[in-house]
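Structure assessment
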Amino acid sequence: KGLERIKDNFKVVNICNRYGAADRLGARWVEVLVEMTIEGIPNPFIVEFRLEEAHFNWARESAAPHLHRFLELLEELFVDTPSRTLRRHVARTVLSDRPDSHAL
């Protein structure tokens, strides 16, 4: 019903279903981009709605300190890599990627 309400009340630009295939951390959500105009501002804004079940949200928030610590430890392992930002980006990219299918 949430998605239908958004479609009924906003100009939807894009919908990306990330619910069916969780990332490596188990995150699942539906991302909805809508166009929104604000009185007095000539150009419209693109606003992102993230439809996520509450228990997934709570789990993500609960895991955040552990993920932060993991990223710190990873940085220590790859101390010779020149950029801290690059190390964090690589780690987050790997974790947020969808795992390979085990289907043959």
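Our structure is the block above this text.
Residues numbered from 1 in each chain as written. Predicted model: local features only at pLDDT ≥ 70, side-chain atom pairs only at ≥ 80, totals over all residues. Heavy atoms only, no water.

1. Quick look at the packing of aromatic side chains
Cut-off, in case you're wondering: Paired rings are identified among Phe, Tyr and Trp, the last through its six-membered ring, by centres lying within 6.5 Å, and are further divided according to the angle between planes into stacked (under 30 degrees), edge-to-face (over 60) and tilted (the rest). Only DSSP runs of H or I with at least four residues qualify as helices, and only runs of E with at least two residues qualify as strands; both kinds are numbered from the N terminus onward. For every residue, the accessible area (1.4 Å probe, protein chains only) is compared with the maximum for its type, and the residue is labelled buried under 20%, exposed over 50%, or partly exposed between those bounds. Placement of a charge over a ring requires the Lys NZ or Arg CZ to be within 6 Å of the ring centre, with the centre-to-atom vector within 35 degrees of the ring normal.
Scanning all chains against the criterion turns up 2 aromatic pairs. Plain terms: the ring middles of phenylalanine 10 and phenylalanine 49 are 5.4 Å apart, the flat faces sit at 55° to each other, and that makes the pair tilted. Of this pair, phenylalanine 10 sits in the loop between α1 (2-9) and β1 (11-17) while phenylalanine 49 sits in strand β3 (residues 45-51), and the two are 39 residues apart along the sequence. Assessed through its relative accessible area of 31%, phenylalanine 10 is described here as partly exposed. In this structure, arginine 50 is placed above the aromatic ring of tryptophan 29, and the distance from its NZ or CZ to the ring centre is 3.9 Å.

2. Some details on the pairing of strand β2 (residues 30-36)
How we decide: DSSP calls a pair of strands paired once it identifies at least 2 bridges connecting them.
With 6 bridges connecting them, β1 and β2 associate as antiparallel partners. Considered in β2, the bridge of valine 12 is made with valine 34. Sheet topology places β2 next to β3; 7 bridges connect them, and they run antiparallel. By the bridge assignment for β3, methionine 36 is matched with phenylalanine 45.

3. A look at the sheet that holds β1
Selection rule: Interaxial angle, 0 to 180 degrees, is taken between N-to-C directions of lines fitted to C-alpha atoms, where a helix line uses only the stretch in contact. Contact criterion: two residues are considered in contact whenever any of their non-hydrogen atoms come within 4.5 Å of each other.
Ordered by their spatial adjacency, 3 strands build an open sheet running β1-β2-β3, and the pairing between neighbours is antiparallel. Either end of the sheet is taken by a strand with one partner, and the two such strands are β1 and β3. On average, each strand axis in the sheet is tilted by 20° relative to the strand beside it, whichever way the strands run. Contacts from α1 reach β1, β2 and β3, with the element oriented near 155° to β1.

4. Let's talk about the side chain of glutamate 52
Defined as follows: Polar contact is the term for a pair of N or O atoms within 3.5 Å; when the atoms are in protein, one must be able to donate a hydrogen and the other to accept it, and sequence-neighboring residues count only if both atoms are side-chain atoms.
Along the chain, glutamate 52 falls in the loop between β3 and α2 (54-77). Side chain to side chain, glutamate 52 and arginine 60 meet in a polar contact 2.8 Å long. Leave out the neighbours within four places in its chain, and glutamate 52 touches Arg28, Trp29, Asn57 and Arg60.

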